[in-house]
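Okay, here's what each chain looks like letter by letter:
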Amino acid sequence: MRSRILLFFLLSFLAFKSLAQVNIMGKPGYINTPSANWNTDRPLGITFSHLPGDYSMFGNEKTDVNFYSFRASLTSFFEVNLSVAHRPAKAEIDKLGVGDRQLDFRFRLSKEREFLPAIVLGWTPPGSVAPYLTHDYLLATKNFKTNLGRLQLTVGFGSPYVFLKKTGSDSYFDLEIKKKSQVNLNAEYLSGFFSAISYSPVDFAGVMMEYDSNSLNGGIYIKPFNWLSLQAHTYEAKAWGFTAGLNLSLSKSPKSLRAYEDRMD
Amino acid sequence: MKTGWIKILLLFCSLQVFSQQLEDKLWQAGFENVLIQEQRDSLNVFFENREFRNPGHSIYFAELISGKETEINNTNITWLPLYHNKLVGAYEASSFQLTTISQQQREFFNRNNKPFKNYRFSFRLHPEVVSRFGYYSDPFETKFNMILDTRVYLAQGLSLQTGITIPIVNNLDNHGMKLRAAPTMLHYFTQPWNAHFFSFSAGTFYNDRYGFDLEYRYDQLDSSWSFGFAVGLTGFYRLYGLEYSSEPMDKLYGVVDVEWRTGIENTSLKLSAGQFLYEDRGARLDLIKQFPMAEIGLFAARTDIGTSGGFQFAFSLWPGKIIRGKKLELRTTEEFRWEYTYNNEDPVARQFRIGMPRLSDVLRNYNEAWIKQLGN
């Protein structure tokens, strides 16, 4: 019986539309966790996300964070992300100081196939003095299309180690490796196993649940347009956050050319 | 025998009518300097399109316009897009195959090209954005100006670019909010021999530089390799309304580069090395991806000053054409380019912008592989 159910799941695949949900840092994903989805048709992403202080990843200073993130899929297997974290309360106290920017890459090691999940490797280049947001991970995502909607599962592992640039050192390569839990930044984003599940009964909305290696989070998302995704989520049912993501296509022709083509039709 | 002659005569007449119609249609659609060279059973169509960033789009547009008009489908058309009033390449219609520009085509162009008369007065809106992210006190420090400028062709390949800068926001530096002259320069672009491109500029540039700049590039346009160099002697300047302040023109830069189209999803790798702005020696590696709507690049650089990385992107601003009359045009810029550097303290491997995109950025879009991609 069980194998039949499995077979039913496996045989009910359809072509997947581009799956545009993004996580707090603008990568394809859920709430905090990323997924192995790849937004091929919409290679440019611009995301805003608001995080409650208690779950802000900046372990030592629990103030609210606004993330402004940019994603560019340069090829079908290589993607770059940049996030700028703005902490309004921190800005009031410390008048100066370089802010927190996070640059990282995603590599798609394998595409999703009928029986195999998509596999993605995420890597943050080392070199930061305060790598709060560093995350290096390997993860797999599988979509199941059923008669009742789409189910998506992700399982991943994030490296519990982090490279630290030695303070005061001029050399970019003067690094030391430490366990995230032993660094006094008190930031352990994606350190260890994490997993997520989302369920979308319709194309434009769904619910999701994740364990991001630190906490259990849940949320809902809607996609009023193909280029816009909005989501609200809660961390352990204690605090709230939300994310809005624009996902844009870069393959359109110039406006006057398109207008001419439309007139021809 | 007699009917044969009549046929040829008819064909010739219809070709003439067709080319006159095509010329008018193209002009109305925003093309400029449209010149049509009629040959026995083929047409060479020269044109410049300043609205689109990608020549692939303008060639495809011209092809749509021509295709609609004609039943003479056995006429072979060759498209010769111009850049800054100069020939760049010749592309066969429908196949978009690159062909060598022939002596005949050059001569025809030289005879018929009218730098002033064949163009509209084209005014363009062009934002200028300088920003620094990451300081807590103000995470998005920005200087945002709107530039209204124009380029007037004075002679073949020689143009003058000038305009006004309208400051909108400035929480970055002490440049002030007074209206001032936009970067103003003389520019000469030429391809004296096929595949050898030169670009020379003198005047005031972007990024607060003034002086001289010379670029050379060897690019066969159907090859995946190209290389070039750029040299310049510049100094710092700033305009505060009508007041002018400047430092001596004594900063020399010289950079060589080689670029390779990887063949993987329209990406290119470019390695540059030499002395960058502020006498900063080192190397920079760029990964560039061409999308129809934009170009997105990533780079890493290591120089005397330090290490940096970042990205840049370039795209046409929406909507393109705003007003177009017979002799006048107002449009948004065909290319807005912006670079973000991760190292926001030291100017690592810094370059400055002249009035036109750098030669490698221009010619990348003329590559046969890319033109073919956009045409299909």
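Below, the structure is looked at part by part. These numbers were taken from a predicted model, which means no experiment stands behind them.

**Brief notes about helix α5 (residues 368-375) of chain B**
All names here are of chain B. Listing the buried residues of α5 in full gives E368, W370, I371, L374 and G375. Each buried residue of α5 sits inside an arc of 165° when the element is viewed along its axis, so together they form one side. With a side-chain oxygen positioned 3.0 Å from the backbone nitrogen of A369, the residue opening α5 is N367.

**Some details on the nonpolar core**
Membership of the largest hydrophobic core comes to 47 residues, with the highest contact counts inside it found for B:F31 and B:V45. Among the elements that line this core, the one with the most residues is helix α2 (residues 55-69) of chain B, at five residues. Among the domains, domain 1 (2-116) and domain 2 (187-372) of chain B are the pair contributing at least three residues each to this core. Setting aside chain neighbours within four positions, we find B:V45 in contact with B:L22, B:L26, B:L35, B:I36, B:I77, B:T78, B:W79 and B:L80. The next biggest cluster of nonpolar side chains, apart from the first, holds 32 residues, and it includes A:A36, A:V162, A:V183 and A:Y235.

**Some thoughts on the pattern of salt bridges**
Taken as a whole and judged by the stated rule, the model has 30 salt bridges over all chains. One salt bridge in this structure joins A:K238 and A:E236, with 3.8 Å as the shortest N-O distance. A:K238 sits in the exposed class, given a relative accessible area of 64%. Close ionic contact of B:R284 with B:D286 constitutes a salt bridge, the shortest N to O distance being 2.8 Å. Using a relative accessible area of 7% as the deciding quantity, one classes B:R284 as buried. Each of the salt bridges in this network shares a partner with another, and the network as a whole consists of B:R217, B:D257, B:E259, B:E295, B:E335, B:R337, B:D361 and B:R364.

**Digging into the interface of chain A and chain B**
Taken residue by residue, the interface counts 42 residues in chain A and 36 residues in chain B. Here chain A packs against chain B, burying approximately 3500 Å² in sum over the two surfaces, 71% of which is carbon and sulfur. The largest per-residue losses of area from chain A upon contact with chain B belong to A:L74, A:R101 and A:L250, which jointly make up 20% of the total buried on that side. At the junction of chain A and chain B, the tally comes to zero salt bridges. Between the two partners, chain A and chain B, sit seven residue pairs in polar contact (both at pLDDT 80 or more). Looking at the side of chain A that touches chain B, the elements with two or more residues in it are β2 (65-73), β3 (78-86), α2 (88-93), β4 (100-110) and α3 (255-264) of chain A.

Procedures and definitions
Residues numbered from 1 in each chain as written. Chains lettered and ligands numbered in written order. Predicted model: local features only at pLDDT ≥ 70, side-chain atom pairs only at ≥ 80, totals over all residues. Heavy atoms only, no water. Buried < 20%, exposed > 50% of the residue type's maximum accessible area, 1.4 Å probe, protein only. Helix = DSSP H or I, 4+ residues; strand = E, 2+ residues; numbered from the N terminus. Arc of directions from axis to C-beta. Polar contact = N/O pair within 3.5 Å; in protein donor to acceptor, adjacent residues only side chain to side chain. Core = buried A, V, L, I, M, F, W, Y, C linked by side-chain atoms within 4.5 Å. Domains from an automatic or database assignment. Contact = heavy atoms within 4.5 Å. Salt bridge = Lys/Arg side-chain N within 4 Å of Asp/Glu carboxyl O. Buried area = accessible area lost by both parts, 1.4 Å probe.

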